[in-house]
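Listed below, chain by chain, are the residues.
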Amino acid sequence: MRGECLMQLTIIFHRCHPGAATEGSCEYYTTWNWTTGLCGFLAAKGLLWSRFIESVHPPFICPVRKGYYEVINGTVSMRVLDTMTKGLSIEKYTWKVGVRIHNELQELVVCGLFKAELRRVVTKRGKTSS
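Residues numbered from 1 in each chain as written. Predicted model: local features only at pLDDT ≥ 70, side-chain atom pairs only at ≥ 80, totals over all residues. Heavy atoms only, no water.

(A) Molecular detail of the nonpolar core. Leu6, Leu9, Ile11, Leu42, Phe60 and Ile101 are the most contacted members of the largest nonpolar core, which totals 22 residues. Contributing elements (two or more residues each) for this core: β1 (6-16), α1 (38-43), α3 (78-84) and β5 (94-103). Those residues in contact with Ile101 that lie beyond four places of it in its chain are Leu6, Gln8, Leu9, Leu38, Leu42, Phe60, Glu107, Leu108, Val109 and Val110. (Core = buried A, V, L, I, M, F, W, Y, C linked by side-chain atoms within 4.5 Å. Buried < 20%, exposed > 50% of the residue type's maximum accessible area, 1.4 Å probe, protein only. Helix = DSSP H or I, 4+ residues; strand = E, 2+ residues; numbered from the N terminus. Contact = heavy atoms within 4.5 Å.)

(B) Geometry of the packing of aromatic side chains. Here the structure, examined in full by the defined rule, presents nine aromatic pairs. Ring geometry for Trp34 versus Phe41: centroids 5.3 Å apart, planes at 45°, classification tilted. Classification of Trp34 as partly exposed rests on a relative accessible area of 21%. Relative to Trp49, the ring of Phe41 lies with its centre 5.3 Å away and its plane at 75°, an arrangement referred to as edge-to-face. Relative accessible area serves as the criterion here: at 23%, Phe41 is assigned to the partly exposed category. (Phe/Tyr/Trp six-rings, centres within 6.5 Å; stacked < 30°, edge-to-face > 60°.)

(C) Geometry of unusual backbone geometry. Residue Pro58 is reached from His57 by a cis peptide bond, and omega for that bond is -5°. With respect to the secondary-structure elements, Pro58 resides in the loop between β3 (56-57) and β4 (70-71). Cis geometry is adopted by the peptide bond preceding Pro63, which originates at Cys62 and carries an omega value of -5°. Along the chain, Pro63 falls in the loop between β3 and β4. Positive phi, normally seen in glycine, also occurs at Gln106, with a value near 65°.

(D) How the structure looks around the state of the cysteines. Applying the stated rule across the entire model yields two disulfides. The residue that forms a disulfide with Cys16 is Cys26, at a sulfur-sulfur distance of 2.0 Å. Taking the sign of the S-S torsion, 100° for the link of Cys16 and Cys26, the bridge is right-handed. Of this pair, Cys16 sits in strand β1 while Cys26 sits in strand β2 (residues 26-34), and the two are ten residues apart along the sequence. A relative accessible area of 21% means that Cys26 is categorised as partly exposed. Here Cys39 is linked by a disulfide to Cys62, with a sulfur-sulfur distance of 1.9 Å. On the sign convention where negative is left-handed, the bridge of Cys39 and Cys62, at about -90° about the S-S bond, is left-handed. Residue Cys39 is found in helix α1, and its partner Cys62 is found in the loop between β3 and β4; the two are separated by 23 residues along the sequence. With its disulfide-bonded cysteines labelled consecutively along the sequence, the protein is connected as 1-2, 3-4. (Disulfide = S-S within 2.5 Å.)

(E) Representation of the environment of Lys86 within the structure. Its location among the elements puts Lys86 in the loop between α3 and β5. Residue class for Lys86 comes out exposed when judged on its relative accessible area of 67%. A sequence separation of 32 residues divides Lys86 from Leu118, and the C-alpha atoms of the two residues are 15 Å apart.

(F) Spatial organisation of the sheet that holds strand β6 (residues 108-117). Here we have four strands laid out as an open sheet, ordered β2-β1-β5-β6, and antiparallel in their pairing. Each edge of the open sheet carries a strand with a single partner, namely β2 and β6. Going across the sheet, the axis of each strand differs from the next one's by a mean of 15°, ignoring polarity. Two elements, β1 and β5, share ten bridges in a ladder whose sense is antiparallel. Residue Phe13 lies in a different strand from β5, and its bridge partner there is Val97. (Pairing = 2+ DSSP bridges. Axes fitted to C-alpha atoms, helices over the stretch in contact; angles between N-to-C directions.)

Here it is in structure tokens:
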């Protein structure tokens with residue numbers, strides 16, 4: 001089975017009232033787009049979604065093969081997120097996050113819709129993680 005070459009990643013964020021992610025309780029917030037070096041970018045360590053990508057089963061590697069993927073205990077780096085969102089009080093909201101990845105023919109090859117509620121967890125030596 002041939003894998004897909006990933007060419008465009010789009011992440012769409014909607015900010016929702018705490019605990020809700022229903023129509024009418026959310027508002028469009030922002031969209032992030034990437035179109036360069038996507039396979040290397042997704043696999044890179046130390047980025048916002050590095051731990052999330054590591055929690056995908058079967059492993060999410062390029063070229064991406066067709067099939068069903070499951071996220072088990074997916075997390076993001078709060079340290080990186082804090083740097084990207086200084087002063088935005090992101091923990092006050094529930095987030096509806098849509099992900100779309102297209103191949104070189106602009107065909108949709110990966111899609112997902114996630115509800116995210118950000119929580120800080122204290123780990124060893126008082127470090128905060130989430």
